[in-house]
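# Chain and residue survey
Next come the chains, spelled out residue by residue.
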Amino acid sequence: MQFIQRYPTLDSQLYHHQAPQPLTQTIAGHFNQALAEQLQWTEQEQAQWLDICSGQRCFDEFRPLAMVYAGHQFGQWAGQLGDGRGLLIAQVQDKNAQVIDLHLKGAGKTPYSRMGDGRAVLRSVIREYLAGHALNALGVASSNAVGFSSSTQMIQREHLEPAAMLLRSADSHIRLGHFEWINQYAPELLKDFTEHCIAWHYPHCLAAPSPILAFAHEVIQATAKMIAQWQLCGFAHGVMNTDNLNITGSTLDFGPYGFMERFRPNWINNHSDQQGRYTYQQQPSIGHWNLWIWLNNLMPLAPAAAKEQFKTQLVDCLEGYETAFLTHYQQGLCAKMGLPDFHKDSFDCALRFLRILQAEQLDYTQSFQRLQHQHYTALRDDCLDLREFDEFLQQYHQIREYQDHDALTRLMQQNNPIYILRNHMAQTAIEKAEQNDFSEVDRLFQLLAQPYSRQSSLERPEDLAPLPADQAAVSVSCSS
Ligand code: AMP
Ligand code: MG
């Protein structure tokens, strides 16, 4: 690996150096060799993946560290948080000369663990491993993972569960909550920290008249795009606290997330979120709220002579959020529908389709597949309100009448996955893995690597549809 020292060059108040605490009796989970190659792991490093992914082998070139940050959790100021169970174990240059963080999750207690045990359970490690992989393959900006290990060590959650470690890769672990921590506890660091964020992640902003405003604009745009991508593939993050969103707008910290199956905009995967703050349909506005909190933390950087103007400019940046979100979402939804985005009725027709899915409780992913393959009868047969469906279909055909159908079909193929990670798929893989059988993790890993292509030899019927309505859904909580 080609190590880079970025984070450790910052003020030492921002992190705590410590080594991972390995688990007892490590068990090989899964290794993403293609990603390791992308990250320029040598053959020797690849051969040692299990030692690396279980905290037994560290690198002389990088001293592991836990970051401190703060955050708003479920809308409330939560004070100091930080890496309570994960360590940044390396920053490396990948094949494209991009700097990537390697973060070992479940590596033991840190000064920021609060009441936690510093560990992660195998269940949540597998869920994060597969989801990051799935989102990357779908083309959604996201962290990923090089591999994970399991162990014979059991830890207490709602039940006793095997402890595990995940080696996550991400373009940044700098969270919106980093800025909140700095303002609250070490405001003298804000300017230098922000300048580093800009230089590392948005260097082109350095040439702008105000690099800070340009940076704010970029973070807002990237976040809006990421959330539009989530909405389009039916992904609900589940815990959109300010400490779980990073400044590069790539998905981070998978907890009680879910890929939506039957289309329920007010769906909530996380049974710990009783208020329903982080439902699927709330994500765009929660993104806006989080960014607003974050922008407040840039205010101390206003030039002394132009505070009011700076504030107005930040508000202007935030106003760009909605437009950015809608642009990506509308374009993406029209592509999924196979409708031209320049036609004045396309978006309206797409929303009509979504209302049908909602009213009829149809599977989001499967319904777009049916539309793409022109299986209109199959769609219609699942509807009770046939008049509404027929009117929709008539409008749909009208808009498509004089369009290039081949081009629109290609667009649909590129935007409608066949495979998403349904909760019950992950659950089956987890249950096998808990018996030290990782074959189902491997099957899903391969299947989800190419979500837009049919893979008949790998696929199972249950990958394509939700559980029957009378079967209990897999329950997912914050405990991980
Ligand atoms: P999360 O909801 O997983 O993003 O975690 C929120 C905060 O709690 C972060 O600061 C985590 O590091 C910390 N945390 C979560 N689980 C544990 C644990 N088992 N041990 C220590 N800290 C934890
Ligand atoms: Mg977190």
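Remember, predicted model here, so these are calculated numbers, not experimental data.

The rules behind the values
Residues numbered from 1 in each chain as written. Chains lettered and ligands numbered in written order. Predicted model: local features only at pLDDT ≥ 70, side-chain atom pairs only at ≥ 80, totals over all residues. Heavy atoms only, no water. Helix = DSSP H or I, 4+ residues; strand = E, 2+ residues; numbered from the N terminus. Rg over C-alpha atoms; globule rule 2.2 N^0.38 Å. Buried < 20%, exposed > 50% of the residue type's maximum accessible area, 1.4 Å probe, protein only. Lys, Arg positive; Asp, Glu negative; His and termini not counted. Charge placed at Lys NZ, Arg CZ, Asp CG, Glu CD. Donors = N, O, S within 2.8 Å, 3.2 Å for Na, K, Ca; no water. UniProt positions renumbered as here; feature names shortened; annotations may be inferred. Contact = heavy atoms within 4.5 Å. Near = heavy atom within 4 Å. Polar contact = N/O pair within 3.5 Å; in protein donor to acceptor, adjacent residues only side chain to side chain. Nonpolar A, V, L, I, M, F, W, Y, C, P; charged D, E, K, R; others polar. Expected span 1.5 Å × (residues − 1). Pairing = 2+ DSSP bridges. Disulfide = S-S within 2.5 Å. Axes fitted to C-alpha atoms, helices over the stretch in contact; angles between N-to-C directions. Parallel < 35°, antiparallel > 145°, perpendicular 65-115°, else oblique. Left-handed = near helix turned anticlockwise from the far one by under 90°.

### What to know about the overall build of the chain
In terms of helices and strands, the chain carries 16 helices and 13 strands. Its C-alpha atoms give the chain a radius of gyration of 23 Å, within 12% of the compact-globule value 23 Å for 480 residues. When the 480 residues of the chain are sorted by exposure, 58% land in the buried category. One way to put it: in the chain the 35 positive side-chain charges average out to a point 2 Å from where the 51 negative ones average out.

### Considering the coordination of the magnesium ion (ligand 2)
Surrounding the magnesium ion (ligand 2) are the protein donor atoms Asn244 (OD1) and Asp253 (OD), which sit 1.9 to 2.1 Å from the metal. This pair shows no difference in class: Asn244 is buried, exactly as Asp253 is.

### Focus: the UniProt feature "binding site: ATP" (unreviewed entry) in the chain
UniProt annotation of "binding site: ATP" (unreviewed entry) refers to Gly82, Gly84, Arg85, Lys105, Asp117, Gly118, Arg168, Arg175 and Asp253 when read in the numbering used here. According to the relative accessible area criterion, Arg85 is partly exposed, its value standing at 23%. Leave out the neighbours within four places in its chain, and Arg85 touches Leu104, Lys105, Gly106, Ala107, Gly108, Thr110, Gly118, Arg119, Ala120 and Ser480. Within the fold, Lys105 resides in strand β8 (residues 99-105). What Lys105 contacts, discounting residues up to four positions off in sequence, is Arg85, Gly86, Glu128, Ala164, Met165, Leu166, Arg168 and Phe254.

### Some remarks on the environment of Ala90
With respect to the helices, strands and loops of the structure, Ala90 is situated in strand β7 (residues 86-93). With near-sequence residues (within four places) excluded, Ala90 lies in contact with Phe3, Phe59, Phe62, Ile100, Asp101 and Leu102.

### Digging into helix α15 (residues 423-433)
By the burial criterion, the buried members of α15 are Asn423, His424, Met425, Ala426, Ala429, Ile430 and Ala433. Against the buried residues of α15 lie α4 (122-138) and α16 (439-449).

### Observations regarding the site of ligand 1
The local shell around ligand 1 holds 16 residues, among which Gly82, Gly84, Arg114, Gly118 and Asn244 are the closest. Within the backbone of Gly84, one N or O atom sits 2.8 Å away from an oxygen atom of ligand 1. Within the side chain of Arg157, an N or O atom sits 3.4 Å from a nitrogen atom of ligand 1. Tallied by class, the residues present in the shell around ligand 1 amount to 2 nonpolar, 7 polar and 7 charged.

### Quick notes on the UniProt feature "binding site: Mg(2+)" (unreviewed entry) in the chain
Under the present numbering, the feature "binding site: Mg(2+)" (unreviewed entry) in UniProt falls on Asn244 and Asp253. Within the secondary structure, Asn244 is located in the loop between β12 (235-236) and β13 (258-259). We classify Asn244 as buried; its relative accessible area is 8%. Not counting residues within four places of it along the chain, the set of residues in contact with Asn244 comprises Arg175, His237, Val239, Leu252 and Asp253. Engagement of the side chain of Asn244 in a polar contact is seen with the backbone oxygen of Val239, the distance being 3.0 Å. Here Asp253 lies in the loop between β12 and β13. Beyond its immediate stretch of four places on either side in the chain, Asp253 contacts Arg168, Arg175, His237, Asp243 and Asn244.

### Considering the environment of Leu122
Its location among the elements puts Leu122 in helix α4. Looking at Leu122, the relative accessible area reads 0%, which means it is buried. Counting along the chain gives 107 residues from Leu122 to Gln229, while the straight-line C-alpha distance between them is 27 Å. In contact with Leu122, not counting residues within four places along its chain, are Phe148, Ser150, Pro162, Ala163, Ala164, Ala433, Glu434 and Phe438.

### Things to note about helix α6 (residues 190-201)
An ideal rise of 1.5 Å per residue puts 16 Å on 12 residues; α6 measures up with 16 Å between its terminal C-alpha atoms. Those residues of α6 that fall on the buried side of the exposure criterion are Leu190, Phe193, Thr194, Cys197, Ile198, Trp200 and His201. In the core, the buried residues of α6 are packed alongside α5 (176-185) and α7 (211-233).

### Brief notes about the pairing of β8
Most of β8 is tucked away, with 7 of its 7 residues classed as buried. What you see with β8 is no split at all: Val99, Asp101, His103 and Lys105 on one side and Ile100, Leu102 and Leu104 on the other are buried throughout. Alignment of β7 against β8, held across 7 bridges, turns out to be antiparallel. Bridging from a neighbouring strand, Gly86 pairs with Lys105 of β8. Once β7 ends, the chain turns through 5 residues before running back antiparallel as β8, passing Ala97 with a positive phi of about 65°. Examined bridge by bridge, β8 and strand β11 (residues 160-170) share 5 bridges and lie antiparallel to one another.

### Thoughts on the state of the cysteines
Should the sulfur atoms of two cysteines be covalently bonded, the bond is a disulfide. Under the counting rule described, the total for this entry stands at 0 disulfides. Left unpaired, Cys58 is separated from the closest cysteine sulfur, that of Cys53, by 12 Å. Of all cysteine sulfurs, the one in Cys349 lies closest to Cys383, which takes part in no disulfide; the gap is 14 Å.

### So, the packing of helix α8 (residues 283-296) against helix α9 (residues 307-337)
Two numbers describe how α8 lies on α9: the axes approach to 11 Å, and their chain directions differ by 165°. What the angle tells us is that α8 and α9 run roughly antiparallel. The handedness of the crossing between α8 and α9 is right-handed. Mapping the contact onto sequence places Gln283, Pro284, Gly287, His288, Leu291, Trp292 and Leu295 in α8 and Leu314, Leu318, Tyr321 and Phe325 in α9.

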